[in-house]
Structure formats: structure tokens, C-alpha cells
Amino acid sequence: MPRINSPSELEKLRQGILSDRDPEKPCITLCSGSACHATGSGDVAASIETEIEKQGLSAELDLRKTGCHGFCERGPIIVNHPEESCYFQIKPEDIPEIVSQAVKEKGIVERLLYTDLNTDEKIINESEIPFYKNQKRLVLGSNGSIDPKSIDDYLAIGGYSALEKALSQMTPEQVLEEVKKSNLRGRGGGGFPAGRKWEESRNAPGDIKYVIVNADEGDPGAYMDRSLLEGNPHSVLEGLMIGAYAIGSHEGYIYVRQEYPLAVENLTIALKLAEEYGFLGKNILGSNFNFNIIVHKGAGAFVCGESSALMTALEGRAGEPRPKYIHTAVKGVWDNPSVLNNVETWANVPLIINKGADWFTKIGTEKSKGTKIFSLVGKITNTGLVEVPMGITLRDIIFEIGGGIPGDKKFKAVQTGGPSGGCIPENLLDLEVGFDELSKAGSMMGSGGMIVMDEDTCMVDVARYFIDFLTDESCGKCVPCREGLRQMLKVLTNITEGKGNEGDIKLLEELSEVAKEASLCALGTSAPNPFLSTVRYFRNEYEAHIKEKRCPALSCKELITYHVDPDKCQACMICARKCPADAVDGDKKKIHIIDQEKCTKCGTCFEVCPSRFGAVNKISGESVPPPIAEEKRIITRKSKEK
Amino acid sequence: MSDILVRIDGKEVEASQGMTVLEAAQSAGISIPTLCHHEKLEPFGGCRLCIVEVQVGDWMKRVVSCVYPVEKNLIVRTRSEMIDKIRKMILELQLAHAPDSPELLDLAQEYGADKDRFDKEASFCIHCGLCVRYCDEVKKKNAVGFVDRGIRKEISFIPEIAAKECWNCKECFPLCPTEALQAAFVLTKSLTSPPLSHEPSSEE
Ligand SMILES: Cc1cc2nc3c(=O)[nH]c(=O)nc-3n(C[C@H](O)[C@H](O)[C@H](O)COP(=O)(O)O)c2cc1C
Ligand code: SF4
Ligand code: FES
């Protein structure tokens with residue numbers, strides 16, 4: 001491939017690619033992101049290839065292995081073009097039928113279509129499925145239609161036209177103005193306006209400036225950045241190049257977690273191709289702009305994603321936050337002005353340049369523009385990655401897109417913002433999603449984690465869980481975080497174990513205040529959020545644990561007892577046989593009793609007791625009824641034996 | 001060198017470009033408590049005890065004075081109800097680890113900190129990092145370092161380096177606000193006694 005030297009050469013190349021492609025030619029796209037790979041999309045791909053061969057269709061049918069479609073729970077996912085019929089949870093044995101239908105006009109494999117849970121109707125098109133219908137997939141959308149390893153695929157959907165526009169039709173100042181006008185805010189943490197950060201760097205003294213992609217993605221359960229890098233790496237590169245041009249930087253870094261091998265692989269391929277095509281290197285598209293990108297694999301802890309820690313790690317030192325009051329945009333890597341933005345932030349940039357800030361600001365709320373990708377998990381019917389316009393309500397995300405809470409359970413809270421985010425209760429479900437809205441509710445946008453919790457979740461235990469994570473991930477440099485979290489974890493653990501004391505809530509509040517006010521980095525200053533938000537909305541649960549030694553959600557092991565209701569027990573022996581601790585005493589026709597001394601509270605009896613009996617109870621905060629008298633334990637059945 | 005006028009606790013203080021608020025205060029005889037600061041070392045900002053309130057225009061924020069640079073017309077308050085509250089808590093948290101440190105006990109008295117507020121976990125080390133940084137920045141030997149992170153973080157001598165360097169130096173010992181350092185060294189020594197034992201063991 002000869003280097004492209006000018007905008008017109010790029011357009012010629014793009015036209016060439018497009019004219020070689022017949023949009024009506026049948027094509028099977030198969031999700032090959034990490035999640036679908038884990039559920040077998042590799043084998044599915046192999047069977048598609050074999051089947052195409054076998055049916056002699058190689059001239060008529062294409063296979064494209066794409067990035068993540070978002071509905072990972074239902075993977076592997078196939079979408080057949082041009083019909084756009086889509087199939088979920090595909091196994092190799094489904095392939096012969098899919099392949100033979102793919103080349104037929106309007107050919108559909110009925111049995112593999114998505115069935116609407118409410119109406120039982122079969123849905124053909126991806127865009128009609130409730131999970132997708134209410135999304136606005138501006139950033140993530142292309143994932144499903146391109147092969148991330150092919151730069152031609154990216155060019156075919158208009159890739160690098162934003163770079164071309166910026167370099168050939170706009171001055172760096174104009175690019176900066178456009179991004180400022182768009183009010184694009186950081187997608188990785190604090191929601192800081194990207195344009196303002198860029199401007200600060202642009203105006204900072206120094207000839208060497210860096211632009212950096214934060215792809216550390218340390219939030220457990222979050223994988224939007226991974227999906228973007230795996231599925232559409234060029235969009236991130238293009239954003240970075242445009243940012244570099246605006247700021248006056250000639251060197252970019254991508255700090256990516258080592259645990260993301262496919263992302264690293266696809267990025268490396270993308271970089272190589274971008275260089276070959278002339279989007280990187282010297283005199284890019286004949287504009288005199290020079291730019292190169294280096295991939296840095298990070299193997300650090302959660303805190304390495306924090307900006308000053310990440311930059312320290314880039315310098316080759318241990319990734320610990322640095323105490324500095326000068327912005328990294330002015331003094332960052334090796335004290336040079338450095339702009340760090342999240343993967344998703346960068347991926348928004350080409351869209352803004354192509355379609356304009358006016359288009360972008362039409363989406364969202366007054367202060368939060370554009371879309372945001374969330375990773376929707378927990379007690380929810382549809383889990384996966386969802387991209388929604390800012391301003392959508394939590395209710396719409398959870399109940400329209402997510403399909404609500406499974407198993408007739410009641411919604412209790414949604415935790416947003418990653419480990420140091422907060423829990424939002426049911427009465428705030430109509431909250432519009434935006435940076436400031438979520439912060440005001442005591443949570444945050446963070447990088448877009450969203451964990452749905454149902455009525456069985458204990459909110460004190462949730463706080464304990466996240467504080468435990470953060471205590472583990474604290475770098476240990478500063479006292480309010482290291483020591484404050486250590487003590488908070490102790491107190492929270494005590495409360496969930498029924499050892500809470502009067503005054504514990506106040507102590508936790510004091511520790512929180514000091515961590516928030518005095519910690520060195522944002523890990524420490526935001527770490528109390530899991531406690532603060534749960535005590536704000538679920539104070540009664542804390543009090544029940546402390547004062548009554550009762551867990552209202554019946555979840556804290558130390559505070560519950562399992563008890564067999566003698567009136568309901570049918571002496572069927574199921575629980576007695578399954579109990580791993582041998583704690584159930586009973587016999588056929590002899591009402592069962594749980595030996596509380598032996599019981600390990602694993603809950604097996606509760607789960608296995610047939611629902612038509614429902615004889616095992618969970619009790620918290622009250623004393624266990626004494627076992628019934630031995631002579632009353634024998635059941636004489638009104639037998640219906642045939 | 002341009003002079004910068006700042007106001008600390010109501011007192012006009014002349015400072016110069018590049019100075020920290022802590023240095024400016026010290027130069028004017030205003031004392032701010034510190035645990036991890038040392039004039040020969042890069043600011044560490046770990047103990048957070050030197051936290052103060054600064055006001056730039058209408059904007060008040062709390063910053064650690066050992067890192068924050070002076071700037072024109074800065075107004076600094078070294079004590080307030082909130083500052084005292086933070087310092088008290090920091091001291092109480094540290095006293096759980098080093099309940100006998102005279103330095104901590106003196107400060108505890110000043111800030112009304114209760115040395116028994118938290119259950120004792122007498123690891124002695126309060127992670128000020130003075131020894132680690134002194135050995136790195138001044139002596140350039142890196143014989144002692146931090147291992148692990150968060151609440152598991154500990155200081156540890158690197159036996160191979162310690163065996164060669166530490167005997168004739170020990171300059172870090174007096175820096176330690178607790179007894180942790182010497183203890184760690186003694187431990188390293190006992191674990192590595194063969195290579196170290198050719199030196200006279202006068203310490204015990
Ligand atoms: C403990 C901690 C971990 C963080 N981890 C990440 C991360 O994994 N990815 C990320 O983009 N930002 C992370 N951040 C936020 C970054 O510090 C920084 O604000 C962000 O990368 C800036 O980019 P943005 O403005 O585009 O969001 C983290 C912050 C903290 C305090
Ligand atoms: S706040 Fe926590 S993670 Fe940040 S520097 Fe302090 S100890 Fe380290
Ligand atoms: S002396 Fe400033 S943080 Fe320790």
C-alpha cells in the first residue's frame with residue numbers, strides 16, 4: 001500500500017474501496033469481541049468458513065469478524081446483511097442453516113431469532129430489539145459493522161475523514177474551538193471539559209507536548225474501553241491524532257492494560273496500518289503535521305488509571321499518584337504538557353469534527369452533551385454494554401433497555417460510577433443521567449459502571465464490599481486514604497457481622513470527611529462515596545444492623561438464621577440430603593429441624609426446599625422459635641398412594 | 001528573583017518564586033506540623049498533616065502546604081476548625097500504629113487527639129517514607145524501600161544492598177519518627193546474618 005499524501009488521494013482511495021464493495025452482497029457479521037470469543041465465537045467462525053467452502057458459496061457470501069455488539073450476555077451474535085437479521089447464542093451446529101439462508105433473498109432462520117419477552121413476538125432486526133432500540137450508538141455503533149483488523153473497513157464507513165477535514169480545512173485553533181464548543185466532557189472519571197484541558201496544554205510553554213489515551217480501565221466489570229479498542233481502534237487513533245493537531249503535540253501514548261490482549265493486538269495492527277497508509281508519521285496527508293503513537297502496556301493496579309499515577313508509570317516508575325497542584329495538562333509526563341483523555345472521550349472527537357459541535361450539543365442535557373456508554377450488570381434481565389444519550393432516565397436504562405429485574409424481584413438501587421461511585425435508590429429512578437445530576441445524587445458518572453441491585457441486596461454490605469475493594473487498591477501513600485479506609489472497612493465489617501456499636505455511623509462519617517478533604521488523589525477523596533450514598537438513602541438499614549442486629553435484606557450471614565417451619569415441612573428429606581454441614585435433622589415423615597450449632601448458613605436448604613412447600617425461612621433480628629417437641633415431629637400423611 | 005507577598009495567618013510574608021507555602025511559613029516563624037517533610041527531600045505529600053486553607057480570590061481550598069507553591073496575593077490560614085479536625089483524625093489514625101512515638105504524642109496533645117481511639121495495630125511504621133526517600137534521593141543507594149501497597153505497605157531493607165551500605169551510614173535512623181526503622185533493620189540483619197556477620201555486631 002503506497003502512502004496517502006493528500007486529501008484527494010484519500011478520497012480516491014475511499015471511492016475505490018467503496019466501488020469494490022457491493023452493499024447488496026450477502027455478508028455474515030460475527031461478533032468476535034472478547035466476551036463472544038469466550039462463549040465460542042472462534043469455533044463459530046471456523047464452522048462458517050468450512051460451511052461456506054462446503055456449500056461452494058465463497059464468491060457469493062462474505063464473513064466479517066467484528067468487534068463487540070454490546071449484548072454480550074446473548075453472544076455469540078450474528079447479523080446477516082443486507083437483511084440485518086440477527087441471531088443470538090449461536091453454536092457451530094446452527095451454522096449450516098444460517099449460511100444457506102444468508103444467500104437467499106429475505107432468508108431467515110426463524111428459530112434463532114430474538115423473542116420479545118413481553119409479546120413473545122420474533123424480532124428480526126437488531127435495531128428493533130428493546131435492548132438496542134432505546135440506545136443511541138454513535139460511538140459504539142460501528143463496532144458491529146467493521147472488521148477491526150481492516151483499515152479499509154474503517155475507511156469504507158468514512159474513517160479518517162475527520163482527520164482529513166481537520167488537517168486540510170481547519171487550523172488547530174478552529175479544531176480546539178469546535179471541541180470546546182461541543183462541551184465534550186471526559187468519559188473516564190471526573191467529566192472535565194476536554195476542550196479546556198486541551199487549551200491549557202496548547203497554551204502551556206514547551207515544545208514537547210503529549211497526548212495520551214487512558215485505556216487502563218481498572219473498574220471491575222467495566223469493559224467499554226476494551227470494546228472500543230478491540231472493535232474500532234481506528235476511531236480512537238483518529239481522535240488522538242486530531243487532538244494532537246489541536247494541541248501541537250507530535251507524540252502520543254496509549255496506556256493500555258496488559259490484561260487486554262485482543263485490544264493490544266488490534267491496536268497494534270491498526271497502528272501499523274495507519275502508518276502504512278500515511279495517517280501517522282511525517283507530513284500527514286501533506287499537511288506538514290507530524291505525529292507518532294506509542295503503545296504502553298500497563299500491568300499496574302487500579303490506581304494506575306489515575307492521571308498522575310499513569311504519567312509516573314509512563315515515565316517508567318512505579319505508578320503512584322503524585323502530589324502536585326499544577327495540572328498535568330501543563331506539567332505532565334517528564335514535566336511536559338500532557339493531555340490525558342479516556343478512550344471513549346477520544347473516540348467522540350472524530351464525530352464532533354465531522355458533524356460539528358452544533359450537532360453534538362443537540363444531544364444530551366444542558367451540561368452533559370453527547371452519549372455515554374454504560375456497562376449494565378447485576379440483577380437485570382439484559383446485561384451488556386449500552387450507549388445512551390445523556391439525559392435519558394435511569395428508569396429507561398434499567399427497565400426499557402435492561403428489561404427490568406428478573407425473577408419477580410423488586411428493584412432496590414443502582415450503583416453507578418465504579419467502585420467509588422454511589423448507590424441511587426428507587427425514588428430517584430427518574431433522574432436524568434448526566435455528570436452533575438449523578439454527582440448531586442451522591443454518585444458519579446465515573447467511567448460508566450452500572451450495577452443494578454434488587455431487594456435481596458444489603459446496602460451496608462454493598463458499602464463494605466466497595467470499601468474493601470478500595471482499601472485493597474489504595475496505594476498506601478497518604479494517611480487519610482490508607483488508614484481511613486482501613487478503619488472504615490473494620491467498622492463496616494463489624495456492622496455486617498452484628499458487632500456494630502452506637503456511634504459507628506458517626507465515626508464512619510468523620511473518617512469519610514477526612515478522606516474526602518485530605519486525601520492526595522481522587523481514589524481517596526471519592527472512596528467514602530459507597531458509604532456516604534448508602535447511609536444517605538438507606539440509613540434505616542444501618543440502624544437495623546447496629547441496633548437490632550437485623551439485616552433487613554436477609555443477606556448478612558452473621559445476622560440471619562435458617563429455620564424450618566414445622567407447619568409447612570413435608571419431611572421430604574431434600575434439604576437434609578443436600579445440607580453440606582449435615583445440620584438438618586429429620587427423616588422421611590419426620591419434620592426436619594436445623595441444628596443451629598452445625599448450620600454454616602450456606603443457604604442450601606433455603607434454595608432446595610421445593611417452592612410448593614416453602615418451608616425454610618430466613619430470620620433476622622428475632623429469636624429462632626424453639627424446636628418442636630419430638631413427639632409432634634412424626635407426620636401421618638393422608639396418603640394418596642395409588 | 002521576584003518577591004511574592006503572601007498573607008499567612010494574618011501576617012504578611014515575603015516569599016520567592018518556587019517556594020512552598022510551608023517554606024514561606026517556616027521562614028516567617030509560623031509553624032505548621034509535618035510528619036513526612038524533610039528539607040533535603042522532594043515533597044512527598046503523604047502524611048497530609050501540613051494541610052492548610054488557601055484562598056485565591058474568592059476560592060478557598062485545602063491543600064498540603066509542603067507541596068503547594070506560593071503565588072501572588074495568596075491568603076493562607078494554617079488553622080481552622082476543619083484543619084484541626086483533620087489533623088486530629090490523622091494523628092489518631094497514626095497513633096494506632098505507633099502509640100509511643102514522642103513526636104506523635106506531642107502533636108496529639110496539641111490537637112486533642114485520643115491516642116486510644118482506634119484499636120492498636122502496632123506495626124510502628126507510619127509510612128512517612130523519610131528513610132526510603134533519604135536513601136534514594138540523598139544517599140542514592142535505595143537500600144530501603146516500600147513493598148506492597150495500601151494497608152499492606154511496609155518498609156523493607158534490601159538485604160544485598162543493606163549488607164554493603166548500611167553499616168557505615170545509618171543516617172536514616174534519626175529521621176524515623178517511630179522505632180520502626182531500626183526494628184526493620186535489625187530484622188533484616190538477623191535474616192541475613194551470614195553475609196552481614198563479618199561486621200562487629202555491636203548493635204544488640
Ligand atoms: C483511582 C482512579 C482510577 C482511575 N482509572 C481510570 C481509568 O481506568 N480510565 C480512565 O480513563 N480514567 C481513569 N481515572 C480518571 C483519570 O484520572 C483521568 O481523570 C481521566 O483519564 C481523564 O480523561 P477524561 O477527562 O477523558 O475522562 C481514574 C481516576 C482515579 C482517581
Ligand atoms: S488517596 Fe489513596 S490512592 Fe491516592 S495517593 Fe493517597 S493512599 Fe494513594
Ligand atoms: S508534611 Fe506535607 S504531607 Fe506530610
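Note that the structure is predicted; figures quoted are calculated from it, not measured.

1. Re the overall build of chain A
For chain A, the count of helices and strands is 25 helices and 19 strands. In terms of overall size, chain A behaves like a compact globule, its C-alpha atoms giving a radius of gyration of 28 Å where 642 residues would be expected to give roughly 26 Å. Taken over the C-alpha atoms alone, chain A extends approximately 95 × 65 × 40 Å along its principal axes. The buried share among the 642 residues of chain A stands at 57%. Counting only carbon and sulfur atoms, one obtains 48% of the accessible surface of chain A, whose full area is about 26100 Å². In chain A, 77 positive and 92 negative side-chain charges are present, and the distance between their average locations comes to 4 Å.

2. A short note on unusual backbone geometry
Residues and elements named next belong to chain A. Put simply, Gly 75 and Pro 76 share a cis peptide bond, and its omega is -10°. Among the secondary structure elements, Pro 76 is positioned in the loop between β2 (62–66) and β3 (78–81). Look at the link from His 81 to Pro 82: it is a cis peptide, with omega at 5°. The topology assignment puts Pro 82 in the loop between β3 and β4 (85–87). For Asn 288, which is not a glycine, the phi torsion comes out positive at approximately 75°. For Asn 288, the position within the fold is in the loop between α12 (261–277) and β9 (292–298). For Asn 288, a relative accessible area of 65% translates into the label exposed.

3. Topic: the domain arrangement of chain A
Residue and element names in this part refer to chain A. Along its sequence, chain A is organised into domain 1 (19–128), domain 2 (159–361), domain 3 (371–457), domain 4 (460–547) and domain 5 (560–641). On a C-alpha basis, the centroid separation for the pair domain 3 and domain 4 is 22 Å. Counting residues at the interface gives 17 residues for domain 3 and 14 residues for domain 4. Together, Pro 419, Ser 420 and Cys 423 form the three largest contributors to the area buried by domain 3 at its contact with domain 4, with a combined 41%. Inspection of the region where domain 3 meets domain 4 yields one salt bridge. When the shortest N-O distance is used, the salt bridge between Glu 541 and Lys 412 registers 2.7 Å.

4. Considering the packing of helix α19 (residues 479–496) of chain A against helix α2 (residues 81–95) of chain B
Where α19 of chain A contacts α2 of chain B, the two axes come as close as 10 Å, and the packing angle between them is 65°. Read as a crossing pair, α19 of chain A and α2 of chain B show a hand that is left-handed. Together, Val 479, Arg 482, Glu 483, Gly 484 and Gln 487 of chain A of α19 of chain A and Ile 90, Leu 93 and Gln 94 of chain B of α2 of chain B make up the contact between the two elements. Within the contact of α19 of chain A with α2 of chain B, the residues separate by chemical class into three nonpolar, three polar and two charged.

5. Notes on the packing of helix α18 (residues 459–473) of chain A against helix α23 (residues 539–547) of chain A
Residues and elements named next belong to chain A. Here α18 crosses α23 at 95°, and the two axes come no closer than 8 Å. For the element pair α18 / α23, the angle class is roughly perpendicular. Where α18 abuts α23, its residues Met 459, Val 460 and Ala 463 lie against Glu 541, Tyr 542 and His 545. Here the contact of α18 with α23 is composed, by residue class, of four nonpolar, one polar and one charged.

6. Observations regarding the pattern of salt bridges
Scanning the entire structure with this criterion turns up 59 salt bridges over all chains. A salt bridge links Glu 320 of chain A to Lys 153 of chain B, with the shortest nitrogen-to-oxygen separation between them at 2.9 Å. Here the residue Glu 320 of chain A occupies a position in the loop between α13 (307–314) and β10 (338–342), and Lys 153 of chain B occupies one in the loop between β6 (144–147) and β7 (154–157), the pair thus bridging two chains. Assessed through its relative accessible area of 4%, Lys 153 of chain B is described here as buried. With its nearest N and O atoms 2.7 Å apart, the salt bridge here joins Glu 548 of chain A to Arg 550 of chain A. Classification of Glu 548 of chain A as partly exposed rests on a relative accessible area of 42%. Residue Arg 550 of chain A is classed as partly exposed on the basis of its relative accessible area, which comes to 28%. The structure contains a network of salt bridges with shared partners spanning Arg 482, Glu 483, Arg 486 and Lys 490 of chain A together with Glu 121 of chain B.

7. A short note on the sheet that holds strand β15 (residues 449–454) of chain A
Strand pairs in the sheet, formed through backbone hydrogen bonds, run parallel or antiparallel to each other. All names here are of chain A. Ordered by their spatial adjacency, five strands build an open sheet running β12-β11-β15-β13-β14, and the pairing between neighbours is mixed. Each having just a single partner strand, β12 (384–389) and β14 (422–425) make up the two edges of the open sheet. Across the sheet, the mean angle from the axis of one strand to that of its neighbour is 30°, orientation sign disregarded. Alignment of strand β11 (residues 371–378) against β15, held across four bridges, turns out to be parallel.

8. Digging into the site of ligand 1
Residues and elements named next belong to chain A. Surrounding ligand 1, one finds 19 residues, the nearest of these being Gly 188, Asn 214, Asn 341, Asn 342 and Thr 345. Contact between ligand 1 and Leu 340: an oxygen atom at 3.5 Å from a main-chain N or O atom of the residue. In isolation ligand 1 has 600 Å² of accessible area, and contact with the protein removes 88% of it. Contributions of two or more residues to the shell around ligand 1 are made by β10 and α21 (522–526). Take the shell around ligand 1: its biggest share by element is three residues, from β10.

9. Structural notes on the packing of aromatic side chains
All names here are of chain A. All chains considered together, the criterion is met by 21 aromatic pairs over all chains. On the basis of an interplanar angle of 70° and a centroid distance of 5.8 Å, the ring pair of Phe 88 and Tyr 114 is categorised as edge-to-face. One end of the pair, Phe 88, is in the loop between β4 and α4 (95–102); the other, Tyr 114, is in strand β5 (residues 114–115), and 26 residues separate them in sequence. Phe 88 gets classed as buried once you look at its relative accessible area, which sits at 7%.

10. What to know about the site of ligand 2
Around ligand 2 there are 13 residues in total, and Cys 475, Lys 477, Cys 478, Cys 481 and Cys 521 of chain A lie nearest to it. When the residues that make up the shell around ligand 2 are grouped by side-chain class, the tally is eight nonpolar, four polar and one charged.

11. As for the domain arrangement of chain B
Residues and elements named next belong to chain B. What the domain assignment reports for chain B is domain 1 (3–79), domain 2 (81–122) and domain 3 (130–192). With eight residues of domain 1 at the contact, the number on the domain 3 side is six residues. Both faces combined, the contact of domain 1 with domain 3 buries some 730 Å², and carbon together with sulfur accounts for 66% of it. Among the residues of domain 1 in contact with domain 3, His 38, Leu 41 and Phe 44 are the three that bury the most area, contributing 57% of the side total. At the junction of domain 1 and domain 3, the tally comes to zero salt bridges. Counting across the domain 1 and domain 3 interface gives three residue pairs in polar contact (both at pLDDT 80 or more). Here the residues of the side of domain 1 that touches domain 3 sort into four nonpolar, two polar and two charged.

12. Focus on α18 of chain A
Taking 1.5 Å per residue, 15 residues should reach 21 Å; α18 of chain A reaches 21 Å between its end C-alpha atoms and fits that length. Within α18 of chain A, the full set of buried residues consists of Met 459, Val 460, Val 462, Ala 463, Phe 466, Ile 467, Phe 469, Leu 470, Thr 471 and Glu 473 of chain A.

13. Brief notes about the sheet that holds β4 of chain A
All names here are of chain A. Spatially, four strands are ordered β2-β1-β3-β4 in an open sheet, and the strand pairing comes out mixed. Here the strands that pair on one side only, and so sit at the sheet edges, are β2 and β4. Put simply, the sheet's adjacent strands are angled 20° from each other on average, direction ignored. In terms of strand pairing, β3 meets β4 through three bridges, oriented antiparallel. Bridging across to β4, Ile 78 finds its partner in Tyr 87. Contacts from α4 reach β1 (27–31), β3 and β4 within the one sheet, and its direction differs from that of β3 by about 20°.

Calculation rules
Every chain begins its residue count from 1, and numbering advances along the sequence as written. Here chains are named by letter from A upward and ligands by number from 1 upward, in the order in which they appear as written. Under the rules for a predicted model, residues below a pLDDT of 70 receive no local features and side-chain atom pairs below 80 are neither given nor counted, while totals for whole chains, interfaces and linings still include all residues. Side-chain calculation: all heavy atoms of the structure are included, whereas hydrogens and water are not. The helix and strand labels rest on DSSP assignments: H or I over at least four residues marks a helix, E over at least two residues marks a strand, and numbering proceeds from the N terminus. Only the C-alpha atoms count toward the radius of gyration. The rule for a globule is 2.2 Å times the residue count to the power 0.38. Exposed residues in this analysis have more than 50% of their type's maximum accessible area, buried residues have under 20%, and partly exposed residues fall in between, with area computed by a 1.4 Å probe over protein chains only. Here the open area of atoms and residues is found with the Shrake-Rupley method and a 1.4 Å probe, where only the protein chains shown may cover a residue. The convention is simple: Lys and Arg are positive, Asp and Glu are negative, and His and the chain ends are not counted. Note that the charge is assigned to NZ on lysines, CZ on arginines, CG on aspartates and CD on glutamates. Residue ranges for the domains trace back to a domain assignment, done automatically or taken from a database. Residue contacts follow a heavy-atom distance rule, with two residues in contact if any of their heavy atoms lie within 4.5 Å. Buried area, as used here, totals the accessible surface that two parts lose on assembly, with accessibility defined by a 1.4 Å probe and the loss added over both. The salt bridge criterion pairs a side-chain nitrogen of Lys or Arg with a carboxyl oxygen of Asp or Glu, the two atoms within 4 Å. Axis definition: a line fitted to C-alpha atoms, over the contacting stretch in the case of helices. Angles run 0 to 180 degrees between N-to-C directions. Should the near helix be turned anticlockwise from the far one by less than a right angle, the crossing is termed left-handed; should it be turned clockwise, right-handed. Only Asp, Glu, Lys and Arg are considered charged in this grouping, and only Ala, Val, Leu, Ile, Met, Phe, Trp, Tyr, Cys and Pro are considered nonpolar; every other residue, Gly among them, is considered polar. The scheme is simple: roughly parallel for angles under 35 degrees, roughly antiparallel for over 145, roughly perpendicular for 65 to 115, oblique for anything else. At least two DSSP bridges between two strands are needed for those strands to be called paired. Here, proximity means that at least one heavy atom of the residue falls within 4 Å of the molecule or strand. The term polar contact refers here to a pair of N or O atoms within 3.5 Å; inside protein, the definition further demands a hydrogen-donor-capable atom paired with an acceptor-capable atom, and it admits residues adjacent in sequence only when both atoms are side-chain atoms. Here the aromatic set is Phe, Tyr and Trp, taking the six-membered ring for Trp, and pairing holds for ring centres within 6.5 Å; pairs whose planes are under 30 degrees apart are stacked, those over 60 apart are edge-to-face, and all others are tilted. By this rule, a helix spans an expected 1.5 Å times one less than how many residues it contains.

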